[in-house]
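Now for the letters of each chain:
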Amino acid sequence: MRCSACEYTLAGLVAGPCPECGLRFDPADPGTFTVLNGFEHRQRQMWIGVAAAVLLAAVAIRFSVKSDTGGVAMLVLMTGVPGLLAFFGGIPLLRRPLSTRLVAVSMIPAIILAGSFYTLAIHMYLSLGGWPANIGNAGFSSPLNFHVEIAQHCFWFPSLILFVTWPIAVVVFAVVRRWQAGVHYLGIVAIAWALGFGLTQLGPDGFLDWWWD
Ligand SMILES: [Zn+2]
């Protein structure tokens with residue numbers, strides 16, 4: 001058991017502030033301390049990065065074999081490769097164990113993307129009893145039309161913001177010493193987005209045809 005801020009060994013101590021840095025911990029609450037030291041922690045991130053690289057390669061290959069999904073493969077690589085570079089490049093910059101909360105925050109763009117896509121797909125299927133036969137919104141109920149509006153905005157708008165701000169954020173985080181670990185989290189943001197986008201394109205054909213038309 002170690003302090004999650006300074007890695008001070010807390011073995012044998014009761015709940016309270018870390019003797020080294022004052023961060024409060026409670027042996028009964030695993031969220032308040034870490035079991036890995038810095039080396040083990042970085043090593044674990046290396047393996048997570050390798051697994052992510054294999055997954056991204058599999059997704060890119062899956063979409064590049066068919067000519068009409070080549071654009072999907074391209075977008076997965078365009079976001080996944082810089083993501084992996086930031087992820088691995090950021091590992092030596094991690095001065096403390098990863099924060100579960102920041103990891104969750106890093107996945108928000110991917111969750112919005114895949115979530116808006118699949119909640120609409122489910123809503124449409126239930127509302128129409130199947131996939132739309134033609135393009136456009138003919139025959140959609142007004143709640144479904146409203147959902148289409150929201151889903152299309154949630155799909156592209158946060159991603160566009162992300163594409164513009166991500167490279168700037170990488171540079172800022174890399175330069176500002178206190179924020180350097182942020183480079184690793186930005187890697188998670190981009191890898192999660194690439195995988196989330198790939199996940200949407202594995203959806204049912206009937207819905208994908210409608211979505212892209
Ligand atoms: Zn401490």
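Residues numbered from 1 in each chain as written. Predicted model: local features only at pLDDT ≥ 70, side-chain atom pairs only at ≥ 80, totals over all residues. Heavy atoms only, no water.

### Section: the domain arrangement of the protein chain
When the parts of a complex come together, some accessible area is lost, and that lost area is often used as the size of the interface. With domains assigned, the protein chain is organised as domain 1 (1-35) and domain 2 (38-212). The straight-line distance from the C-alpha centre of domain 1 to that of domain 2 is 34 Å. Listed as interface residues are 5 residues of domain 1 and, on the opposing side, 5 residues of domain 2. Between domain 1 and domain 2 lies a buried interface of about 390 Å² when both sides are counted; carbon and sulfur atoms form 42% of it. (Domains from an automatic or database assignment. Contact = heavy atoms within 4.5 Å. Buried area = accessible area lost by both parts, 1.4 Å probe.)

### Details of a positive patch on the surface
A contiguous patch of positive charge on the surface is contributed by Arg95, Arg96, Arg177 and Arg178. Looking at where Arg96 falls in the secondary structure, it is placed in the loop between α2 (70-90) and α3 (100-106). Judged by relative accessible area, which is 52%, Arg96 ranks as exposed. (Patch = residues over 30% accessible without salt bridge, like charges linked within 9 Å, V, L, I, M, F, W, Y side chains within 5 Å. Areas by Shrake-Rupley, 256 points an atom, 1.4 Å probe, with all protein chains shown as cover. Salt bridge = Lys/Arg side-chain N within 4 Å of Asp/Glu carboxyl O. Lys, Arg positive; Asp, Glu negative; His and termini not counted. Charge placed at Lys NZ, Arg CZ, Asp CG, Glu CD. Helix = DSSP H or I, 4+ residues; strand = E, 2+ residues; numbered from the N terminus. Buried < 20%, exposed > 50% of the residue type's maximum accessible area, 1.4 Å probe, protein only.)

### With respect to the packing of helix α4 (residues 108-128) against helix α7 (residues 205-212)
Contact geometry of α4 with α7 gives a least axis separation of 11 Å together with a crossing angle of 110 degrees. Relative to α7, the element α4 is oriented roughly perpendicular. Two packed elements cross with a definite hand, and for α4 against α7 that hand is right-handed. For the pair α4 and α7, the contacting residues are Phe117, Leu120, Ala121 and Met124 in the first and Phe207, Leu208, Trp210 and Trp211 in the second. Along the lines of polarity and charge, the residues of the contact of α4 with α7 split into 8 nonpolar, no polar and no charged. (Axes fitted to C-alpha atoms, helices over the stretch in contact; angles between N-to-C directions. Parallel < 35°, antiparallel > 145°, perpendicular 65-115°, else oblique. Left-handed = near helix turned anticlockwise from the far one by under 90°. Nonpolar A, V, L, I, M, F, W, Y, C, P; charged D, E, K, R; others polar.)

### Considerations on the coordination of the zinc ion
Here the zinc ion is held by the protein donor atoms Cys3 (SG), Cys6 (SG), Cys18 (SG) and Cys21 (SG), which lie 2.2 to 2.3 Å from it. Coordination at the zinc ion is tetrahedral: its 4 donor atoms span angles of 104 to 115 degrees at the metal. By relative accessible area, Cys18 is classed as buried at 4%. (Donors = N, O, S within 2.8 Å, 3.2 Å for Na, K, Ca; no water. Tetrahedral: all angles 85-135°; square planar, octahedral: opposite > 155°, others 65-115°.)

### Concerning the nonpolar core
Ranked by internal contacts, the top residues of the largest apolar core, which has 43 residues, are Leu120, Met124, Trp166, Phe197, Phe207, Trp210 and Trp211. Of all the secondary-structure elements, those providing two or more residues to this core are α1 (38-64), α2, α4, α5 (142-175), α6 (182-200) and α7. Sequence-distant contacts of Trp210, that is, excluding residues within four places in its chain, are made with Leu120, Met124, Pro132, Asn134, Ile135, Gly136, Asn137, Phe140, Val148 and Gln152. Membership of the second largest hydrophobic core comes to 5 residues, among which are Cys3, Leu10, Phe25 and Phe33. (Core = buried A, V, L, I, M, F, W, Y, C linked by side-chain atoms within 4.5 Å.)

### As for a nonpolar patch on the surface
On the surface, a cluster of nonpolar side chains totalling about 1,000 Å² of accessible area is made up of Trp156, Leu160, Phe163, Val164, Ile168, Val171, Val172, Val175, Val176, Trp179 and Trp212. At 8 residues, α5 tops the list of elements feeding residues into the nonpolar patch. Assignment of secondary structure puts Val164 in helix α5.

### Some points on the layout of surface pockets
Any empty space left between atoms is shown by rolling a water-sized probe over those atoms. Taken as a whole, the largest pocket spans an internal volume of roughly 1,000 Å³. Together, 37 residues line the largest pocket, and Pro97, Leu98, Ser99, Leu102 and Tyr185 are the ones closest to its centre. Of all the elements in the fold, those that place two or more residues in the lining of the largest pocket are α1, α3, α5 and α6. By residue number, the principal contributor to the lining of the largest pocket is α3, which donates 6 residues. Looking at the lining of the largest pocket residue by residue, the class counts come to 21 nonpolar, 10 polar and 6 charged. (1 Å grid on protein atoms, 1.4 Å probe; cavity = no way out; pocket = protein on both sides within 12 Å on 5 of 7 lines; lining within 4 Å. Points joined across faces, edges and corners; volume = space filled by probe spheres on them.)

### Let's talk about empty space enclosed by the protein
On inspection of all chains with the given rule, the structure shows 1 cavity of 30 Å³ or more. Of the voids in this model, the largest cavity is the one considered here, and its volume is about 30 Å³. Lining of the largest cavity is provided by Glu7, Gly38, His41, Arg42, Leu94, Arg95, Arg96 and Pro97.

### A look at α7
Residues of α7 that are buried include every one of Phe207, Leu208, Trp210 and Trp211, and no others. For α7, the buried positions fall inside an angular range of 165 degrees around the axis, keeping them on one side. Opposite the buried face of α7, at more than 90 degrees from it, the exposed residues are Asp205 and Asp209. Looking at the packing, one finds that the buried side of α7 touches α4, α5 and α6. (Arc of directions from axis to C-beta.)

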